[in-house]
Amino acid sequence: MVAHSSDPGGITVLQGRGDGTFDYLQRIDVADRLIYVDIADFNHDGSADIVVTRDKQTFAGVFLNEGDGLFDPREILIEAENRIYSLVVADLDHDPFPDLITADYEQSTLSVSLGKKPGF
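Residues numbered from 1 in each chain as written. Predicted model: local features only at pLDDT ≥ 70, side-chain atom pairs only at ≥ 80, totals over all residues. Heavy atoms only, no water.

### A few points about the sheet that holds strand E5 (residues 49–54)
We count it as follows: Strand pairing requires that DSSP identify at least two bridges connecting the strands. Going along the chain from the N terminus, every DSSP run of H or I of four or more residues is numbered as a helix, and every run of E of two or more is numbered as a strand. Under this scheme, a helix contributes an axis fitted over its contacting stretch, all axes are lines through C-alpha atoms, and angles between N-to-C directions fall in the 0 to 180 degree range.
The strand order E4-E5-E6-E7 describes an open sheet built from four strands, whose pairing is antiparallel. The sheet is open, and its two borders are formed by strand E4 (34–40) and strand E7 (76–84), each paired with just one other strand. Sheet twist, expressed as the average angle between the axes of neighbouring strands with direction ignored, equals 25°. Two strands pair when backbone bridges link them, and strand E6 (residues 57–63) and E7 are joined in this way by five bridges, in the antiparallel orientation. Residue pairing in the sheet places Gln 57 in a bridge with Ile 84 of E7.

### A short note on the side chain of Asn 82
Heads up, the rule is: Partly exposed describes any residue whose relative accessible area lies between the buried limit of under 20% and the exposed limit of over 50%, with all areas from a 1.4 Å probe on protein chains only and scaled to the type maximum. Identification of polar contacts relies on pairs of N or O atoms within 3.5 Å, with a donor-acceptor requirement for protein atoms, meaning one able to donate a hydrogen and the other able to accept it, and with residues adjacent in sequence counted only if both atoms are side-chain atoms. Every residue pair with non-hydrogen atoms within 4.5 Å of one another is taken to be in contact.
Relative to the assigned elements, Asn 82 resides in strand E7. Its relative accessible area of 5% is what places Asn 82 among the buried residues. Side chain to side chain, Asn 82 and Thr 109 meet in a polar contact 3.3 Å long. If near-sequence neighbours (up to four positions away) are discounted, Asn 82 is found in contact with Gln 57, Thr 58, Thr 102, Ala 103, Asp 104, Thr 109, Leu 110 and Ser 111.

### Details of unusual backbone geometry
Of note, His 44 is a non-glycine position whose phi angle comes to about 55°, a positive value. Its location among the elements puts His 44 in the loop between E4 and E5. Owing to a relative accessible area of 48%, His 44 belongs among the partly exposed residues under this scheme. Of note in the backbone geometry, His 94 takes a positive phi value of approximately 55° without being a glycine. Positionally, His 94 belongs in the loop between strand E8 (86–90) and strand E9 (99–104).

### Quick notes on the pairing of E6
When you tally the buried positions in E6, you get five out of seven residues, the bulk of the element. Across four bridges, E5 lies against E6 in antiparallel orientation. The residue of E6 that forms the bridge with Val 52 is Gly 61.

### Looking at the side chain of Asp 99
By the element assignment, Asp 99 lies in strand E9. There is a polar contact of 3.5 Å between the side chain of Asp 99 and the backbone nitrogen of Asp 93. A polar contact is formed between the side chain of Asp 99 and the backbone nitrogen of Gly 115, at a distance of 2.6 Å. When near neighbours in sequence (up to four residues on either side) are disregarded, Asp 99 contacts Val 88, Val 89, Ala 90, Asp 91, Leu 92, Asp 93, Ser 113, Leu 114 and Gly 115.

### Considering the environment of Gly 61
Tracing the backbone through its elements, the reader meets Gly 61 in strand E6. For Gly 61, a relative accessible area of 0% gives the class buried. In this structure, the C-alpha to C-alpha distance between Gly 61 and Ile 11, residues 50 residues apart in sequence, is 12 Å. Setting aside chain neighbours within four positions, we find Gly 61 in contact with Ile 50, Val 51, Val 52, Arg 54, Glu 75, Ile 76 and Leu 77.

So far we have only geometry, and geometry alone does not tell us how the molecule works.
What follows is the structure, given as C-alpha cells:
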C-alpha cells in the first residue's frame, strides 16, 4: 500500500505477484493529506486492515479488509488525545485487539488508544 501525501490524499493498494512486481488493486480516497500508514488486524478476523494518520488531525482512520485483498472505503475513526503525527500499533493490554500509540512532535506528547472489540 502507498499513502499519498497530496491534498486530497489517498491510499493505493497493490498486490505482489511474487516476482518483484505488483498489480493495482484499489485506490481509497481520503479527504486530507496522509502522514503515516500501517497495517494491523483491528477487527480480529485474520486479515490485515489499514490505519492512517493525517496532517495535524486528532484521529486515525481504519479501513477494514474485506478478505479478498480489497478494503472497505468507509473509514472508522479512532480519536486520540493529541494531534497525531506518527503512530505505533501494538498490543499493550494483552487482549486480541491492537492498540495505538500516537505522537505529536509539536506538543511533545504521546497518547494511547486501547483497541476494542469489532465496532470500535
